[in-house]
Amino acid sequence: MMSRSLRRFWKDEGASVALEAVIVTPILAWVFVASFVFFDAFRVYNTSIKATYAVADVLSRRTSEIASSDIEGLADVFQFLTRNTAGSALRVTQITRQQGGYRIDWSHGTDGLTYIRASDFPNFIDRIPIMAFGDRMLLVETFLPHRPAFSAGLADQEFVNFTITRPRFAGQVPFNADMGNSYVYSNNGTPTGQDGFYYVTEEGGADPAHDPDWDVDPV
């Protein structure tokens, strides 16, 4: 009796369109909204990467002195490219590789973002490429907050991009701190100091076990 009832229920093709619509419509609506939210987040992230590369490319082509006000202008360019009018920030730092560690030549953060300090190096030291002693590089970081239009499984987040480039046509990019504030750092020429120099080892000397650029078996 029970098996006959189950077979009859299984073969029954009658249904109520209104009831099916009540069940399926919210699911379809959520899938549509979630697709929009995740696609928009991917678009914003992809745009932020391209805008970061664009800013880094502009800086790498400089052959003359750059000022703090120029970096503030590049921050506006980044905002324009990402269509973000508030909340984004840019930080540019020039680093010199010296025996024993890395010297911060200058660093400038925009929109309330402080400059890079020597104490920040452990956070990204593994992402710095191998450099020859005396070589310089430009470290460009961008920070772009993203708030989804709808709550569909994706929370508010910040897209952080980190890219490194070398000056293309000059040995370095000279810096003029024409906006002297707590967000700007300019090395006075001394390779040491709490903010200006990061020692690879505590003693300040190169060591194969700690120095990522040390050539243990030079050819």
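This structure is a prediction, so every number in the text was calculated from the model and none was measured.

Colleague: Residues and numbers for the overall build of the protein, please.
Modeller: When its secondary structure is counted, the protein shows three helices and eight strands. Starting at the N terminus, the α and β elements of the protein follow one another as α-α-β-α-β-β-β-β-β-β-β. The buried share among the 219 residues of the protein stands at 39%. Put simply, 70% of the contacts in the protein that link residues at least 6 apart link residues at least 24 apart. As displayed, the protein has an accessible area near 13300 Å², and 57% of this comes from carbon and sulfur atoms.

Colleague: Explain helix H3 (residues 68-82) to me, and be specific about the residues and the numbers.
Modeller: Helix length check: H3, at 15 residues, gives a terminal C-alpha distance of 21 Å against a target of 21 Å (1.5 Å per residue), a fit within 8%. For H3, the full list of buried residues reads Ser-68, Ile-71, Leu-74, Ala-75, Phe-78, Gln-79 and Thr-82. All buried residues of H3 lie within an arc of 150° about the axis, which places them on one face of the element. A positive phi of about 60° marks Arg-83, the residue just after H3.

Colleague: Quick rundown of the nonpolar core? Include the residues and the values.
Modeller: Val-55, Leu-59, Ile-66, Ile-71, Leu-90 and Trp-106 are the most contacted members of the largest nonpolar core, which totals 20 residues. Taken together, the elements giving at least two residues each to this core come down to helix H2 (17-60), H3, strand E2 (89-98) and strand E4 (136-146). Looking at this core, the element that brings in the most residues is H2, giving five residues. For Trp-106, the contacting residues outside a window of four places in its chain are Ile-66, Ile-71, Val-92, Thr-93, Gln-94, Leu-138, Val-173, Phe-175, Tyr-185 and Ser-186. In this structure, Ile-95, Ile-116, Phe-121 and Tyr-198 belong to the second largest nonpolar core, which totals 17 residues.

Colleague: How would you summarise the pattern of salt bridges if you had to cite specific residues and measurements?
Modeller: This structure, assessed with the given rule, holds eight salt bridges. Arg-103 is the partner of Asp-105 in a salt bridge, and the nearest nitrogen-oxygen pair spans 2.8 Å. Through salt bridges with shared partners, a single network forms among Asp-57, Arg-61 and Arg-168.

Colleague: Got a sec to walk through the pairing of E4? Specific residues and values, please.
Modeller: Across the eleven residues that make up E4, a large majority, ten, are buried. Of the strand pairs in this sheet, E2 and E4 are connected by eight bridges, and their pairing is antiparallel. Of the residues in E4, the one forming a bridge with Arg-91 is Glu-141. With nine bridges connecting them, E4 and strand E5 (residues 157-165) associate as antiparallel partners. Looking across to E5, one finds that Phe-143 is bridged to Val-160.

Colleague: Report on a positive patch on the surface, specifying residues and quantitative values.
Modeller: On the surface, Arg-4, Arg-7, Arg-8 and Lys-11 cluster together into a patch of positive charge. Looking at the element boundaries, Arg-4 is found in helix H1 (residues 2-11).

Colleague: I'd like to hear about a nonpolar patch on the surface, residue by residue, with values.
Modeller: Taken together, the side chains of Leu-19, Val-22, Ile-23, Val-24, Ile-27, Leu-28, Trp-30 and Val-31 make up a nonpolar region of the molecular surface, amounting to roughly 810 Å² of accessible area. One can find Ile-27 in helix H2. Residue Ile-27 is classed as exposed on the basis of its relative accessible area, which comes to 52%.

Colleague: So what about the environment of Ile-95? Which residues, and what values?
Modeller: Examined against the element boundaries, Ile-95 turns out to sit in strand E2. For Ile-95, a relative accessible area of 0% corresponds to the buried category. Those residues within four positions of Ile-95 in sequence are excluded, and the remaining contacts are Tyr-102, Arg-103, Asp-105, Phe-121, Met-131, Asp-135, Arg-136, Met-137 and Leu-139.

Rules used throughout
- Residues numbered from 1 in each chain as written.
- Predicted model: local features only at pLDDT ≥ 70, side-chain atom pairs only at ≥ 80, totals over all residues.
- Heavy atoms only, no water.
- Helix = DSSP H or I, 4+ residues; strand = E, 2+ residues; numbered from the N terminus.
- Buried < 20%, exposed > 50% of the residue type's maximum accessible area, 1.4 Å probe, protein only.
- Contact = heavy atoms within 4.5 Å.
- Areas by Shrake-Rupley, 256 points an atom, 1.4 Å probe, with all protein chains shown as cover.
- Expected span 1.5 Å × (residues − 1).
- Arc of directions from axis to C-beta.
- Core = buried A, V, L, I, M, F, W, Y, C linked by side-chain atoms within 4.5 Å.
- Salt bridge = Lys/Arg side-chain N within 4 Å of Asp/Glu carboxyl O.
- Pairing = 2+ DSSP bridges.
- Patch = residues over 30% accessible without salt bridge, like charges linked within 9 Å, V, L, I, M, F, W, Y side chains within 5 Å.
- Lys, Arg positive; Asp, Glu negative; His and termini not counted.
- Charge placed at Lys NZ, Arg CZ, Asp CG, Glu CD.

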